[in-house]
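What follows is the residue order along each chain.
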Amino acid sequence: MTFRTRLLASIVGVVTATTAATLFIAQSQNAASYQAVLDELFRSEVESFRSQQEQQLTAAKTEAAKLAESVRLFAALEEGDPEVYQTAGDELRLAELAFFRLTDAAGVIIPPPEGSRAGGAELDAVLAPQLAKIAGGEPLSNEDLQIGFVASPNYEGGVVSLVYCPIRNFDKTVGGLLIGQPLRREKRAEATKGASLISGLLLGEKYLPHFGGEDLGSDTGAMLRAHVEGGEAAMPTWEQELGGRNYRADSNLMNRGSRFAPAWIVSLYPLDDLRRRQRELVRRIAVIGGIGLLAAAGVGFVFAGRLSKPVHDLVAGTAEVKRGNYDVQIEKRTDDELGALADAFNEMASGLALKERYRSVLQMVTDRSVADELMSGTVLLRGEMRDVSVIFCDIRGFTAISQDMNPADVVAMLNEHMSALTQIVEKHQGVVDKFVGDCIMILFGAPKSYGHDAARAARCAWEMIRERERMNATSNRPLAIGIGLASGPALAGCMGSEKRLNYTVIGERVNLAARLCSQAGQMDVVIDETTLADLQPEFKTESLGPLTLKGFAKPVVAHRILKVVS
Amino acid sequence: MRCGSFLLLAWLILGPSGLRAGGTVEGVVKLDAMKPQPVSPGYKPQTVKPIQRAEPPVAIVYLEGPAAAVVPRKTGSVRIRQSGYQFRPSILVVQTGTTIDFPNEDDEFHNVFSYSKTRRFDLGRYRKDETAKQVTFEKAGVGKIYCEIHQHMRCVVVVVDTPLFTTTDAQGRFRIKDVPPGEYSMKVFLPSEKTVTSEITVREGQMLQLKP
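Residues numbered from 1 in each chain as written. Chains lettered and ligands numbered in written order. Predicted model: local features only at pLDDT ≥ 70, side-chain atom pairs only at ≥ 80, totals over all residues. Heavy atoms only, no water.

Draft legend 1. Just the nonpolar core, in detail. Residue and element names in this part refer to chain A. Residues L127, F149 and L201 are the most contacted members of the largest nonpolar core, which totals 54 residues. Apart from the residues within four sequence positions on either side, L201 is in contact with F49, F149, V159, L183, K206, Y207, L208, H210, M254, W264 and I265. In this structure, V410, L414, A455 and L485 belong to the second largest nonpolar core, which totals 34 residues. (Core = buried A, V, L, I, M, F, W, Y, C linked by side-chain atoms within 4.5 Å. Buried < 20%, exposed > 50% of the residue type's maximum accessible area, 1.4 Å probe, protein only. Contact = heavy atoms within 4.5 Å.)

Okay, structure coming up:
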């Protein structure tokens, strides 16, 4: 994957993740806030219902409590007096009630006489079993008012709220009084005004909405009932599908502790509209996110292109440098940090090229290994005493040979000769110190030692002779050479003036090598005693006896290498 | 005897009669599980004077039979006072045709009414200084009398069609003297308002002691 692709992928990934996170947060926030709003709506609705119900029931409760203590009503019920309804009516005086009923001790409704104020005859059949159940349980005290609700289309609102109290004097229950009032819901709570909240009473399997919800379907009551009875305590609110629409439903038991059939207030909030708005919100966020994504991709593409091109140039340039091409220059495309980087690269490449040129020149004018040591800075410029082996090799009778040759041929001949011998020197890790005319000065053990420098120098000298012999076999100008080799301590270092230095060695052993070279016969290698001591048995030598040499006070013992056994 | 033995512990004592003709019936009624005495109802405002305790419960014993016809009727005037916020006596037995006075002896209004089938009446509210109102009970049966003002006040009037009746003492003991010989249904009206019946035979000059 290229840098540009990765950059583009990162930008697109970040934008996508941001959009998704926004979507998620918006959705969960939205869900939480609508849940809180609904809970508040439901709570207000129930509160409002309860307070209105409480207000309406107060009168009925007062009347019921009063009648429960009426001695006349007690006496009339006890005696089964035929005028019991008249008695009760007198006791109730002008209380505004939809209807009332008296029961005997077993909860059986005492039929009201013709023309009494009792009213509500159509409800007797519905109420009879409930009243029997109430009277059948543990005896109720006068304070145990039972609250119930019953559906009746004859009354405004369709629901009648009921208060039942036993008629009892001390220990004896002689019957009961039931008071009914139409349940009026005149106004909604402030909080639920304007909300599309449906609320109503669930009685048995009948759902009687008093606000909203005209066509909820005929089986609404049964469906709500199933849920309310199953999970009323555990799950007060739930989702309910009614007539193909989804609602959030909330139920509250309105007559807890009463022996009347349970009545729940069930509030429904249509979710379809809410969901549609939620989907719209999600769609908007997704569209904005998509546009953002496209824009980010476009900007990213351009930006990644602008960023990756210089980087690509840099990579290519670096590869060129790695291959050794220091002349590479990259294009500066911008004036920012990347432009500065391109400048820095170009400067670095130029610097490297220059250094390489210096190195090449250095390697041409001095030995490669000396050049390397000098470049690496390991050579001590102040000089040091080292054990070295020094070879001097010259061409015998060179002046006579070159006398009749034109200079160009001389140079060509010398170059050929020197090049061939230099290769042999390099092969044995020797250092060509300098060319002086037809003479080559070669160092072993300086500027650094590779071990057994004297032996390596001897083998090198021997092969130089062999190489010259091979060349002579094919050359039209055969040359005879002689080699002198001496080993021992010498001063090594860069020597010369302040402006011009040469790396070389000086010392008595160097002079000895030069003297031995002059003593050597054609195609001979003459070595000193020190060198001989370092040679392995494969070198066969013969002694030349003490030689009197110029510059040396005492005669010097030298040896000639006869052959080297491979 | 078909009455529940746990309710009626009565025995017949045969013995020499007194000066009068006929036998004597005596015994002890086991007064059944009492209804608890009405607790103080806690009227607000309170009554002028403290409410006095109700009388201890007692039972009514009466004998019914053709032989009783020879005994003169006991239809004299009887009083049920309203005193100390109680009807006194709170249980009374009278023969049919008896008139009962209901004088109010308290310093407050009382009301006397009954919805009983025996006698349905309502004397309204009246005070101490007003003329005591009267009610005549013509029909046999049990009449329950209340005061509509004071819900704890209760009174039971047992109207019987025989002059052979008595009220037990607080221990349930009773004695009916001068009972003409013959077969009788002996009925006991208990504090729980249940009535138990047993058949007895009374002989001349004998004391009939009822045993369980």
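Draft legend 2. Representation of a nonpolar patch on the surface within the structure. A grouping of A:M385, A:L491 and A:I506 is seen on the molecular surface, where their side chains present a nonpolar patch of about 280 Å² in accessible area. Mapped onto the secondary structure, A:L491 falls in strand β14 (residues 481–496). (Patch = residues over 30% accessible without salt bridge, like charges linked within 9 Å, V, L, I, M, F, W, Y side chains within 5 Å. Areas by Shrake-Rupley, 256 points an atom, 1.4 Å probe, with all protein chains shown as cover. Salt bridge = Lys/Arg side-chain N within 4 Å of Asp/Glu carboxyl O. Helix = DSSP H or I, 4+ residues; strand = E, 2+ residues; numbered from the N terminus.)

Draft legend 3. Region of the structure containing the side chain of A:E79. With respect to the element layout, A:E79 can be found in helix α2 (residues 71–79). The buried charged residue A:E79 lacks any salt bridge partner; its closest oppositely charged side chain belongs to B:K117, at an N-O distance of 4.9 Å. Those residues in contact with A:E79 that lie beyond four places of it in its chain are B:Y115, B:S116, B:K117 and B:K144. (Lys, Arg positive; Asp, Glu negative; His and termini not counted.)

Draft legend 4. Looking closely at the pairing of strand β2 (residues 23–29) of chain B. Residues and elements named next belong to chain B. Counting buried residues in β2 gives six out of seven residues, a clear majority hidden from the surface. Sheet topology note: the β2/strand β15 (residues 173–179) ladder contains five bridges and is antiparallel. Bridge assignment links V28 to a residue of β15, and that residue is R173. One ladder, built from three bridges, connects β2 with strand β18 (residues 207–209); its direction is parallel. Within the sheet, the bridge partner assigned to T24 lies in β18 and is M207. (Pairing = 2+ DSSP bridges.)

Draft legend 5. A look at unusual backbone geometry. Residue A:A446 is joined to A:P447 through a cis peptide bond whose omega torsion reads 0°. Counting through the fold element by element, A:P447 comes out in the loop between β13 (439–444) and α11 (453–474). Note that the residue after B:R88, namely B:P89, is joined by a cis bond; omega there is -5°. Mapped onto the fold, B:P89 is located in the loop between β6 (86–88) and β7 (91–95). Its identity is not glycine, yet A:H452 carries a phi of approximately 45°, on the positive side. Relative to the helices and strands, A:H452 is located in the loop between β13 and α11.

Draft legend 6. Structural view of the sheet that holds strand β11 (residues 133–137) of chain B. All names here are of chain B. Sheet architecture is open: three strands sit in the order β4-β8-β11, paired in mixed fashion. At either margin of the open sheet sits one strand with a lone partner, and together these are β4 (78–79) and β11. Two elements, β4 and strand β8 (residues 98–102), share two bridges in a ladder whose sense is parallel. When the bridges of β8 are listed, V78 appears paired with I100.

Draft legend 7. Looking closely at the interface of chain B and chain A. Facing the 20 residues of chain B at the interface are 16 residues of chain A. Interface area, chain B with chain A, both sides summed: about 1600 Å², of which 46% is carbon and sulfur. When the area that chain B buries against chain A is broken down by residue, the three leading residues are B:Y115, B:Y146 and B:Q151, summing to 41%. Where chain B touches chain A, the interface holds five salt bridges. Run the count over chain B and chain A and you get eight residue pairs in polar contact (both at pLDDT 80 or more). For the side of chain B that touches chain A, the elements supplying multiple residues, two or more each, are β9 (110–115), β10 (120–126) and β12 (141–146) of chain B. The element contributing the most residues to the side of chain B that touches chain A is β9(B), with three residues. (Buried area = accessible area lost by both parts, 1.4 Å probe. Polar contact = N/O pair within 3.5 Å; in protein donor to acceptor, adjacent residues only side chain to side chain.)

Keep in mind that these numbers describe shape and distance, not what the molecule does.
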